[in-house]
Structure formats: structure tokens, C-alpha cells
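Structural features, examined
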Amino acid sequence: MNILHLDQDVGTKGGGVASFIRDSAVSLSSRGSSIWVASAAEPDRVYPGIEQVEVLPQINDAAISDTSWRGRLERLVNEAAIDAVHVHEVKNVAITRYVAERLPTVIHLHNYGIICPGNDLFHNSSEDICQRKAGFGCLLCAYTKQCNNRHPQRLWQSLTNTWKKQSLAAMPNVRFVAGSRHIRDRVVAAGIPASKVDVVWYAADPDRLDAENCRPISGVSDDYVLYSGRLSKSKGITYLLDAFSRLRTKSTRLLLVGDGIYRSEVERHVAKLGLGDRVTLLGWRSGGELTWLYRNCQMLVVPSIWPEVFGIVGLEAMAAAKPVIATEVGGIPEWLDREVSGYLVPPRDVESLTARMEALLADTDRTLAMGQAGRQRFVKYFTTDVQAEKLLTVYRTVTGREAADKEVPACTLSI
């Protein structure tokens, strides 16, 4: 089967979605599929399992009226004899509708954009999770709750794009992939037909996290707690810093991997707490450096205060046999086995977060045991080979090669 992925960036700067595409491409190609990509950004290198990357900048522009992409997209589809299109983070809804009118199309719900104009279901001003149905009230909320871009034209565009995305559910050629049961339940509650939504968990390539792929970072010891992800308020980083400042042991360091618009606020908070000599902001890291950071940390902390769709960084830590402390939000409880592969704590609960970090730092045996339990869980449920079979079932269903009433293998755990 020939599959075309549409995404903003399939390279190392594309984040977790790009990693998912690259990792799954290897597993799918080993099963006889050919994987093609159309991306808004030029890839930084050639990736195994991907036949070709066509650059279509219009993917990343929600308001663009330029339709020159049509000819290039049609040529790619015809030359590669594409059977189905897998849409990821595509801002230009016109492109998604165009392919869905012509080809079987799978739309991957990596965020809440189909039910939330701000994508995150998160109010920055009050730090609470939005329960509102997308509508005109979202325009006011952007100002009162700081949950979206407040530029009038862009704000209106985001709301109309949400409505356009919802209208795609009525198209017979379209199915949706939800990255967790949590986001499936949210979109179904908002009106997307449950019969058109399949749950396929995120996955990672275990070979990518192997020791031989490490590239050490000079000046970094192995006594550190790791955070990896975007620097934004919704990620709860200031709560992690508050909890870290309360640790009794002062020799442990905190490494923050990632970047974003919240970086200056994080730096101010580090200075306010007097943690300048114990906290290091490393910026984005990828490849062998990121693998080394996972394999040499004491633990990974995921302090999010928004409803994470899944939290793929947790899988990467589990693949490296490291325990994870994460907040109990969104899809995180679907991969973190409470008290076995790590700890779940309430969001914004600094005291609980401190206590759980202290417990792991003080007990090497427990840390190692939880890391190994996480590795076993990862291998059983979350490798790209395991989830590739579920993706293939979705592709066969949307192309009519498998009965539409045959369910995708359930994303369930035997605990």
C-alpha cells in the first residue's frame, strides 16, 4: 500500500509528530508499504523508510489563497500511485479537503484543533481545562482566558478552521485516528461520529533509544532530572522548578530540553528561585544527543497542566528504561503504569512532585526497577511494530480493503 503523509515538518525540528511519522515509516515499509511525505519544511536529511519528501509551504498557512500546490500534489499522488493520504498537522484545511475529495484520507488528531480553535483546550489565564463547545463564545474567551491568538483576523480564522475540520467528518472518504482514548472521547462528545474514530497509540522505535546511538554532551554529568518538550505555560515547567527547588539534595541538576515562547519566563523563574547553578536550559536536542540524555538521566518529569493528548516523551524515557513522574492529565494515564513504571501526581501539586522526585533519588533500586518495568511495558505496547499493525488496519478500512465494521485492534492494556 502506498501512503502519503502530509505534515508541517518531518525533520528533527518537527517534534513528536515528526518522530512518529519517521519511526512508523520504517515499520510500515518493512511490511510492504511505500511511504511518501509532503511537508511545509525542507527535511534536514533523508530518512529511512521514506521514499521522497515533496516540499509544499502552503501546508503551514491557514489563510493562504494560493492554489499552486494542487498541481504538485496531484503529480506526486499520480507518480507514487498513492492509495491513501494520512493528514497530520496541516493548517491549510483546503488542502485536507482537496485530498479527501479525491482519495481515502486518514486525519490524525494530534491536538484538539477539531473541537478547539486554540488547539489545546487550555485557558492560560486561569490554568483550567476548557469544557466549552467551539462557537462564537471562543472569540471572547481568547481575550478573557488567553486561550488563543487575539489578533482579530487570525482569531476568526482559527474558529472557522475548526468548523471546517468538523465538516470533514461527513465525508465518506475520511476516518480519524486518535492518539489516545482520552482525545477520542473528547471529540466524540463534541459530535464527531464514534464509528469514524480509531484509537492508535503513539509509538517509538526502540532501536533509536539504544546505547549505540548515543552522542554524549560534554559537561553534563549523569546526576540529573530531565524535562523534554516545548517551553510553554501549559507544560507546567514553573511548577517543576518550584518542586525541584525544594529537594533536600542540592547536588542533583535539572536539565530542560526544548524551547518556545515561554523561555524568558522560565529563565526569570530559575533566577527568582536561585537555581542558576543547578538548572540548565539546553534548547532543542535530537538524535544521539537526545538518546544520551534519556539514557543517562535519573528520571523524566512531565509536569503538564493541560490535557496532553498522549505525551510521547514518556515513551522515549520508558524505551531507555527510565522511570517517569507525570501529572494525571489527558492521555498520560494510558501509558504510565501508576506505582510500577513511575508516578502520577495531580497537576500543579508541587508538594507531591517534590516527594516523588525525592523518593526516586533516594532509592536506586526502586529507580532501576521502575525503569525496567517501563521498558517492558514499552516493548509490549508502544513500539512502532506493535502500533504499525493498527495503522495498517485503519488504512485497509478507509481504502475498502477491509470491512468498515471490522474494528481496529483495541488499544487496551493487560495489567
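Use the structure listed above.
These lines cover the structure that appears in this document, whether it is placed above or below. (Residues numbered from 1 in each chain as written. Predicted model: local features only at pLDDT ≥ 70, side-chain atom pairs only at ≥ 80, totals over all residues. Heavy atoms only, no water.)

Some thoughts on the overall build of the chain
- Within the chain one finds 13 helices and 15 strands.
- Relative to a compact globule of 415 residues, whose C-alpha radius of gyration would be 22 Å, the chain shows 21 Å and is just as compact.
- Seen through its principal axes, the chain has C-alpha atoms that stretch 60 × 50 × 40 Å.
- Relative to its full complement of 415 residues, the chain shows a buried share of 56%.
- Sequence-distant contacts in the chain: of pairs separated by 6 or more residues, those separated by 24 or more amount to 67%.
- Accessible surface, the chain: about 17100 Å² in total, of which carbon and sulfur atoms supply 48%.
- Side chains of the chain give 49 positive and 47 negative charges; the mean places of these two sets differ by 4 Å. (Helix = DSSP H or I, 4+ residues; strand = E, 2+ residues; numbered from the N terminus. Rg over C-alpha atoms; globule rule 2.2 N^0.38 Å. Buried < 20%, exposed > 50% of the residue type's maximum accessible area, 1.4 Å probe, protein only. Contact = heavy atoms within 4.5 Å. Areas by Shrake-Rupley, 256 points an atom, 1.4 Å probe, with all protein chains shown as cover. Lys, Arg positive; Asp, Glu negative; His and termini not counted. Charge placed at Lys NZ, Arg CZ, Asp CG, Glu CD.)

Some points on the packing of helix α1 (residues 15-30) against helix α13 (residues 384-398)
- In contact at an axis separation of 9 Å, α1 and α13 are set at 80° when each is read in the N-to-C sense. Our classification of the angle between α1 and α13 gives roughly perpendicular. On α13, the residues that touch Phe20, Asp23, Ser24, Ser27 and Leu28 of α1 are Thr384, Asp385, Ala388, Leu391, Leu392 and Tyr395.
- Of the residues in the contact of α1 with α13, the class split is six nonpolar, three polar and two charged. (Axes fitted to C-alpha atoms, helices over the stretch in contact; angles between N-to-C directions. Parallel < 35°, antiparallel > 145°, perpendicular 65-115°, else oblique. Nonpolar A, V, L, I, M, F, W, Y, C, P; charged D, E, K, R; others polar.)

A closer look at the sheet that holds strand β4 (residues 84-87)
- The strand order across the open sheet built from seven strands is β3-β2-β1-β4-β5-β8-β9, with neighbouring strands paired in parallel fashion. Either end of the sheet is taken by a strand with one partner, and the two such strands are β3 (50-55) and β9 (197-199). Each strand of the sheet is rotated relative to its neighbour by a mean of 25°, with strand direction disregarded.
- Relative to strand β8 (residues 174-178), strand β5 (residues 105-109) runs parallel, the two sharing five bridges. Residue pairing in the sheet places His108 in a bridge with Val177 of β8.
- Running over the sheet, α13 touches β1 (2-7), β4, β5, β8 and β9 and is turned about 140° from β5. (Pairing = 2+ DSSP bridges.)

Structural notes on the side chain of Ser341
- If you trace the backbone, Ser341 turns up in the loop between β14 (324-327) and β15 (342-345).
- When neighbours within four sequence positions are excluded, Ser341 is seen to be in contact with Pro323, Val324, Trp335, Leu336, Met370, Ala373, Gly374 and Arg377.

Notes on the packing of aromatic side chains
- For the structure on display, the rule yields 11 aromatic pairs.
- Seen in terms of ring centroids, Phe136 and Trp163 are 5.4 Å apart; in terms of plane orientation they differ by 75°. Their pairing is edge-to-face. A residue pair is termed long-range when its members are at least 10 positions apart, and Phe136 in the loop between β7 (128-129) and α4 (137-144) and Trp163 in helix α5 (residues 152-167) qualify at 27 residues.
- An aromatic cluster of at least three residues, connected via ring pairs, comprises Phe20, Trp201, Tyr202, Phe310, Trp335, Tyr381 and Phe382.
- Lying across the ring of Tyr47, Arg22 places its NZ or CZ 5.0 Å from the centre.
- The positively charged end of Arg102 is found above the aromatic ring belonging to Tyr98, 3.6 Å away from the centroid. (Phe/Tyr/Trp six-rings, centres within 6.5 Å; stacked < 30°, edge-to-face > 60°. Lys NZ or Arg CZ within 6 Å of the ring centre and 35° of its normal.)

Re the environment of Ala243
- You can see Ala243 is positioned in helix α7 (residues 237-245).
- Judged by relative accessible area, Ala243 falls into the buried class, the value being 0%.
- Separated by 29 residues in sequence, Ala243 and Lys272 have C-alpha atoms that sit 14 Å apart.
- Excluding residues within four positions of it along the chain, Ala243 makes contact with Val350, Leu353, Thr354 and Met357.

Honestly, that's just the spatial picture; any functional story needs more than this.
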